[in-house]
Amino acid sequence: MIRSSRRLLIGAIAAVASLFGGCASLDEVSSSRLDLVKQRGELLCGVSGKIPGFSFLSAEGAYTGLDVDICRAMAAAFLGDADKVQYRPLTAPERFTALRSGEIDLLSRNTTHTLSRDAVGGNGVGFAPVVFHDGQGLIVPADSGVTTLDELSGKAICVGSGTTTEQNLNDVFASKGIPYTPIKYQDLNQVVGGYLQGRCQAMTSDRSQLAAARSGFDEPNAHVILEDRLSKEPLAPAVAGGDQRFVDATTWVIYALIEAEERGITQANLDRQLRAAEADPTQGALRRFLGVDAGLGRKLGLPDDFVVQAIRATGHYGEIYDRHLGPRSPVAIPRGANRLAEDGGLMIAPPFT
Amino acid sequence: MRRHRLLLQLVLAGLLLALLGLLINNLTVNLFRTGLGLGFGWLARPAGFALAETALPYAPSDTYLWALTMGWLNSLKVILAGLVLATLLGITAGAARNSANRLLRCLAGSYVALIRQVPLLLQLLFWYFVAFLGLPELPVGGLIQLSNQGIHLLGLNLSVEFCAVLTGLTVFTGASIAEIVRGGINAVPRGQWEAFRSLGLDEGLGLRRIVLPQALPAILPALTSQYLNLAKNSTLAIAVGYADLYAVSDTTITQTGRAIEGFLLLLLSFLLLNLLISGGMAALNGAVLGRLRRSR
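So, a few notes on the structure that sits alongside this text.

Thresholds, definitions, all that
Residue indices begin from 1 for each chain and proceed along its sequence in written order. Naming scheme: in the order in which they are written, chains are lettered from A and ligands are numbered from 1. Totals for whole chains, interfaces and linings use every residue, but because this is a predicted model, local features are given only for residues with pLDDT of at least 70 and side-chain atom pairs only at 80 or more, for both listing and counting. Strands here mean DSSP runs of E at least two residues long; helices mean DSSP runs of H or I at least four residues long; both are numbered from the N terminus. A residue is called partly exposed when the number of other C-beta atoms within 10 Å of its own lies between 12 and 20, exposed at 12 or fewer, and buried at 20 or more, with C-beta atoms placed from the backbone. Residues are treated as contacting if the C-beta atoms built from their backbones sit within 7 Å of each other. When DSSP locates at least two bridges between a pair of strands, those strands are taken to pair. Fitted lines through C-alpha atoms give the axes, limited to the stretch in contact for helices. The angle between two N-to-C directions lies from 0 to 180 degrees. When describing relative orientation, an angle under 35 degrees is termed roughly parallel and one over 145 degrees roughly antiparallel, while 65 to 115 degrees is termed roughly perpendicular and anything else oblique. In a left-handed crossing the near helix is turned counterclockwise from the far helix by less than a right angle, and in a right-handed crossing that turn is clockwise. Three residue categories are used. Nonpolar comprises Ala, Val, Leu, Ile, Met, Phe, Trp, Tyr, Cys and Pro, charged comprises Asp, Glu, Lys and Arg, and polar comprises the others, including Gly. By convention the nonpolar core is taken to be a set of buried residues drawn from Ala, Val, Leu, Ile, Met, Phe, Trp, Tyr and Cys and joined through C-beta atoms within 7 Å. An automatic or database domain assignment supplies the residue ranges for each domain. Directions are taken from the helix axis to each C-beta atom, and the arc is the one they span.

1. With respect to the overall build of chain B
And step 1. Each helix and strand counted, chain B has nine helices and three strands in total.
And step 2. Across the 296 residues in chain B, those meeting the buried criterion constitute 31%.
And step 3. Contacts in chain B between residues at least 24 apart in sequence constitute 65% of all its contacts with a sequence separation of at least 6.

Structure, rendered in structure tokens:
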């Protein structure tokens, strides 16, 4: 009896499995995540939530920061309302799985654009343009007297796991033939904890994160960030790969923020500029950019006024930067490579034509 | 009636399989969409990351497979040491809870109560950041040296990360084992105590020779679950910087982008480990029961 029932069970298993194997639907592949976002009326945005200046839970209980404003600009451009965002705090190892499994629409979380992450044979995600040019650095206690990498030979270095920082650290130290012991933690808070407790003689992360972490130290001045840069870390938002429409839409919202800075269109003067463009038919480029002359938004599957909506929500790129990382913010990071190209930086938008 | 029940079971099994099928289907569709098939070729490529401590020689130029093996060995090291120490601690505390000495009873009772109320992750963070990283330089004699850079014990070099994980797992699991041992001892009829006392045996000897052997059949099955829990809980090691299998997999997954293969390997490794533990315990259980039956 037992044996025959088991045979029956196996038969049932096979039958059910084949039933489900048959209904693997690939129809959805051609549809874009953008449609889903619009249909849902809400953008699911993956952030870190733990990096002041980029994404951090404020005292009022809302996420703020440069990465958060990117989410808000996107929601404004896609849905006409910057508040239609649901934030998902993610750790570094979780983020690509969250993107791939569809748990989030957009990843706006200090993610370095690399070949392996971009390529279909790697993580296979689609990157939008860089929103912050960062670089990996090392922070050491000022009284240690360490100023170069060589002086860290044989020392323990605290590093976060599941990030490119770990690989960069090894690449640089191995190429220079400097031995070291990596102490790997999962979380930036634990990396900072290990460093401050003296487990490591140095801590490594992107310089922006080091600056942000140092702002929370009891004695920020007792720690120095070394001059050596271990890597270039262009941080960019990302969406799931193989979805050209969604990549395009996110790409051009970011370019719009940069173009707006190039044109000097701010949150404050937006309405005036908009009226001027509406009144003056000779301003072809401006009219196209602001959607007065329709056409550009539609090509992206977005409303024609998506640029206006984004700027109204967050201001242009420079305004976002100043709000969270400017000299008067708690996490002041000199703008450096993140200035507009015309000011000697790397930020530039292709033409809106 | 019997057929009825069989039908119900078949329906349940069918539903379960449908769910499994749906999950696998999702996985394949998603893998297809992102252009990734399952593959394990990356295991032979150089890992490119250093590890803080390894049981066998390892360099960043070694393969991912070797790096994962190092992680597995590190896990194994802390799990095996944890099993032994937690058992010793658990038996001691469990026996102490039945002790005639009031102070001992109280101590063991508060240990169990305190440890069982606090989440393991918190305890690990405490042991690491407060206890071990808070260590001052302490050259206690020539054979033992304590500092927050490592612990040197009779020629044995232990990292503070290893010590923190080991202590956390031992203390946490020891409390559960203590309760199991106490329960097992209580399950032995009071008459047995009275019997060995009337024979003039002292308490310790009676406990070891008379009571504990009879308590074993009640203790062993529950002990197995605690051992398995300890093995699984060891993955929390990453929180305190110990390079266990989970930590190494974590880095591997980020660098290769092979999340699904990485998690599959992780699952299989733990399955293997836990099957070994439960197999060993089942054999031990069988031997104990056999011996008990023969002695009756």
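2. Details of the overall build of chain A
And step 1. Of regular secondary structure, chain A possesses 14 helices and 14 strands.
And step 2. The buried share of chain A, reckoned over its 353 residues, is 47%.
And step 3. In chain A, once contacts between residues fewer than 6 apart in sequence are set aside, the share between residues at least 24 apart is 73%.

3. Looking at the sheet that holds strand 1 (residues 144-147) of chain B
Residue and element names in this part refer to chain B.
And step 1. With antiparallel pairing, three strands are arranged side by side in an open sheet as 1-2-3. Two strands close off the open sheet at either side, each with one partner strand: strand 1 and strand 3 (156-158). Across the sheet, the mean angle from the axis of one strand to that of its neighbour is 15°, orientation sign disregarded.
And step 2. Both strand 1 and strand 2 (residues 150-153) contribute to a ladder of four bridges, which runs antiparallel. Its bridge partner being in strand 2, Leu-146 is matched across the sheet by Ile-151.

4. A few points about the pairing of strand 8 (residues 132-141) of chain A
All names here are of chain A.
And step 1. In terms of burial, strand 8 is largely enclosed, as seven of its ten residues are buried.
And step 2. Pairing analysis gives five bridges linking strand 8 to strand 13 (residues 231-235), with the strands arranged antiparallel. Among the inter-strand pairings, Gly-135 is bridged to a residue of strand 13, identified as Lys-232.
And step 3. Bridge count between strand 8 and strand 11 (residues 202-206): four bridges; the pairing is antiparallel. Across the sheet, the residue bridging to Gln-136 is Asp-206, located in strand 11.
And step 4. For strand 8 and strand 12 (residues 223-225), the ladder comprises three bridges, and the chain directions are antiparallel. Opposite Ile-139, over in strand 12, you have Ile-225 as the bridge partner.

5. Here we look at the sheet that holds strand 3 (residues 55-57) of chain A
Residue and element names in this part refer to chain A.
And step 1. The three strands lie next to each other as 2-3-4, forming an open sheet whose pairing is antiparallel. Looking at strand neighbours, the two that pair on one side only are strand 2 (50-51) and strand 4 (63-64), the edges of this open sheet.
And step 2. Bridge count between strand 3 and strand 4: two bridges; the pairing is antiparallel. When the sheet's bridge partners are listed, Leu-57 is paired in strand 4 with Tyr-63.

6. Quick look at the packing of helix 9 (residues 244-263) of chain A against helix 13 (residues 306-314) of chain A
Residues and elements named next belong to chain A.
And step 1. As a packed pair, helix 9 and helix 13 sit with axes 10 Å apart at the nearest point and diverge in direction by 70°. In terms of their interaxial angle, helix 9 and helix 13 are classed as roughly perpendicular. Where helix 9 crosses over helix 13, the handedness of that crossing is right-handed. Taken together, the residues of helix 13 that come into contact with helix 9 (itself represented by Val-253, Ala-256, Leu-257 and Ala-260) are Phe-306, Val-307, Ala-310 and Ile-311.
And step 2. For the contact of helix 9 with helix 13, the class distribution of residues is eight nonpolar, no polar and no charged.

7. Brief notes about the nonpolar core
And step 1. If you look at the biggest cluster of nonpolar residues, it comprises 98 residues, and the most contacted ones within it are Leu-43, Cys-71, Met-74, Phe-78, Ile-157, Val-253 and Ala-310 of chain A.
And step 2. Residues from two domains meet in this core; each of domain 1 (33-131 + 236-343) and domain 2 (136-232) of chain A gives at least three.
And step 3. Discounting residues that sit within four places of it in the chain, Cys-71 of chain A has contacts with Leu-43, Cys-45, Val-47, Val-85, Leu-106 and Ser-108 of chain A.
And step 4. In terms of nonpolar packing, the next biggest core, distinct from the first, is built from 59 residues, Leu-51, Ala-96, Ala-243 and Val-248 of chain B among them.

8. Things to note about the pairing of strand 9 (residues 156-160) of chain A
Residue and element names in this part refer to chain A.
And step 1. Counting buried residues in strand 9 gives five out of five residues, a clear majority hidden from the surface.
And step 2. Of the two faces of strand 9, the one holding Ala-156, Cys-158 and Gly-160 and the one holding Ile-157 and Val-159 are both buried throughout.
And step 3. In this structure, strand 9 lies alongside strand 10 (residues 181-185), joined through five bridges in parallel fashion. When the bridges of strand 10 are listed, Ala-156 appears paired with Thr-181.
And step 4. Both strand 9 and strand 11 contribute to a ladder of two bridges, which runs parallel. Directly across from Cys-158, in strand 11, lies its bridge partner Met-203.

9. Concerning unusual backbone geometry
All names here are of chain A.
And step 1. Its identity is not glycine, yet Asn-110 carries a phi of approximately 40°, on the positive side.
And step 2. Along the chain, the position of Asn-110 falls in the loop between strand 6 (106-107) and helix 5 (115-118).
And step 3. The class for Asn-110 is buried, based on 28 C-beta atoms found within 10 Å.

10. Remarks on the environment of Leu-289 of chain B
And step 1. Inspection of the secondary structure puts Leu-289 of chain B in helix 9 (residues 259-295).
And step 2. As for Leu-289 of chain B and Leu-216 of chain B, which are separated by 73 residues in sequence, their C-alpha atoms are 8.6 Å apart.

11. A word on helix 10 (residues 270-279) of chain A
Residues and elements named next belong to chain A.
And step 1. Every buried residue of helix 10 is listed here: Gln-273, Leu-274 and Ala-277. Looking straight down helix 10, one finds that the buried residues subtend no more than 100° of arc, so they occupy a single side. Structural note: helix 10 exposes Asp-271, Arg-272, Arg-275 and Ala-279 on the side pointing more than 90 degrees away from its buried face.
And step 2. Looking at the buried residues of helix 10, the elements they touch are helix 11 (284-289) and helix 13.

Read these as geometric descriptors, not functional statements.
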